[in-house]
Amino acid sequence: MDSDSLFLGLDLSTQQLKGIVIDSSGQILLETSILFDSQFPEYHTTNGRHINGNTATAPVLMWVEAIDLVISRVHGAGLAHRIRAISGAAQQHGSVYWNHHGIEAIGNLDTQRTLREQLAGAFAVLDSPVWEDSSTLEQCLRLEVWAGGSAELARISGSAAFERFTGAQILKVKDQNSDVWSCVARISLVSSFVASLLAGTMTLIDASDASGTNLYDIAARQWSGVLCDAIDPNLREMLGGDVTMADQVVGTLSPYFATKYGMIECPVA
């Protein structure tokens, strides 16, 4: 790797999106944070989320805007053209519900328009359930029944049913509104959502985050047919079918970011 090469790391947490640029020796050249409440007051979040009783959600379009903004800051610092790889992390257990338009839209983005403008109609659910949500006790009990009891669910997925885990959240989305559920084409976790935006295509969920869903068979290293099919016969496909390892490259930077910010189409992991 030549000395001119730089690397971008992103972390989409509850309250902010953080970006860091390092060189090949590990020296930090840029650190930037986008605090959701102050940067995007129009979404009316408190510490990056909406709380209503024991329900906790976050506006997915706020995350979209933040990703576009952090890349623009890297460009504004004169570093974007030197980025040779991008890696990201995100809050666990949150989920994003794409519709068919969204899957198509991220691969056909116009650099003359904002990311938010183009993805305003991309999601079946505009407020994504996040890790603080504990409103799914009913759904947790059903998951345990379908698995054959809490111990069997723990054997399969690594944990007894937990309200904040994604499997129960997915089931709640289906329970709440069948019309909304019928529009869901793909489900991302927050980490794979970030990677999908950057790559301009749907990327796989990594095994470590899949293990926090109550839907992943940790011994078989695949989505559980018993648990997923009980929710919806198409759910495994909606989750991407396969999973990937956390250190794997999942795509290359989309032409939208490469062209708009003068970057190369570098690996995204």
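A short note on the overall build of the chain
If you tally the helices and strands in the chain, you get 13 helices and 15 strands. Against the 2.2 N^0.38 benchmark of 18 Å for 269 residues, the chain shows a C-alpha radius of gyration of 18 Å, consistent with a compact globule. When its C-alpha atoms are laid out on the principal axes, the chain stretches across 55 × 40 × 30 Å. Here the chain holds 269 residues, and the buried ones make up 51% of them. Charge-centre separation for the chain: the mean point of 16 positive side chains lies 1 Å from the mean point of 30 negative side chains.

A word on the pairing of strand E7 (residues 95-98)
Because side chains alternate across E7, one face comprises the buried residues Ser95 and Tyr97, and the other comprises Val96 and Trp98, equally buried. Here four bridges tie E7 to strand E9 (residues 186-189), and the two strands are oriented antiparallel to one another. Paired with Trp98 across the strands is Arg186, a residue of E9.

Points about the nonpolar core
With 53 residues, the main nonpolar core has Trp63, Leu119, Phe123, Phe193 and Leu198 as its most contacted residues. For this core, the element with the highest residue contribution is helix H2 (residues 60-76), accounting for ten residues. Not counting the four nearest positions on each side in its chain, Leu119 is found in contact with Leu61, Val64, Ala105, Ile106, Leu109 and Leu197. Counting 30 residues, the second largest nonpolar core, distinct from the first, contains Ala147, Ile170, Val184 and Cys228.

Structural notes on the sheet that holds strand E4 (residues 50-52)
Spatially, E4-E5-E8 is the arrangement adopted by the three strands of the open sheet, whose pairing is antiparallel. Lying at the two open borders of the sheet, with one neighbouring strand each, are E4 and strand E8 (127-129). With strand direction ignored, the average angle separating the axes of adjacent strands in the sheet is 35°. Pairing geometry for strand E5 (residues 55-59) and E8, over three bridges, is antiparallel. Residue pairing for E8: Pro59 is matched across the bridge by Asp127.

Considering the packing of helix H5 (residues 137-147) against helix H6 (residues 150-157)
Put simply, H5 and H6 touch, their axes get as near as 7 Å, and they point 85° apart. In this view, H5 runs roughly perpendicular relative to H6, as classed from their interaxial angle. On the side of H5, the interface is formed by Leu143, Glu144 and Ala147, while H6 contributes Ser150, Glu152 and Leu153. Split into classes, the residues belonging to the contact of H5 with H6 amount to three nonpolar, one polar and two charged.

Focus: the environment of Leu198
Along the chain, the position of Leu198 falls in helix H9 (residues 190-199). Taking C-alpha positions, Leu198 is 9.9 Å from Ser87, a pair spaced 111 residues apart along the chain. Other than its neighbours up to four places away in sequence, Leu198 contacts Leu10, Ile67, Ile71, Ile86, Thr252, Leu253, Ser254, Phe257 and Val268.

What counts, and where the lines are drawn
- Residues numbered from 1 in each chain as written.
- Predicted model: local features only at pLDDT ≥ 70, side-chain atom pairs only at ≥ 80, totals over all residues.
- Heavy atoms only, no water.
- Helix = DSSP H or I, 4+ residues; strand = E, 2+ residues; numbered from the N terminus.
- Rg over C-alpha atoms; globule rule 2.2 N^0.38 Å.
- Buried < 20%, exposed > 50% of the residue type's maximum accessible area, 1.4 Å probe, protein only.
- Lys, Arg positive; Asp, Glu negative; His and termini not counted.
- Charge placed at Lys NZ, Arg CZ, Asp CG, Glu CD.
- Pairing = 2+ DSSP bridges.
- Core = buried A, V, L, I, M, F, W, Y, C linked by side-chain atoms within 4.5 Å.
- Contact = heavy atoms within 4.5 Å.
- Axes fitted to C-alpha atoms, helices over the stretch in contact; angles between N-to-C directions.
- Parallel < 35°, antiparallel > 145°, perpendicular 65-115°, else oblique.
- Nonpolar A, V, L, I, M, F, W, Y, C, P; charged D, E, K, R; others polar.

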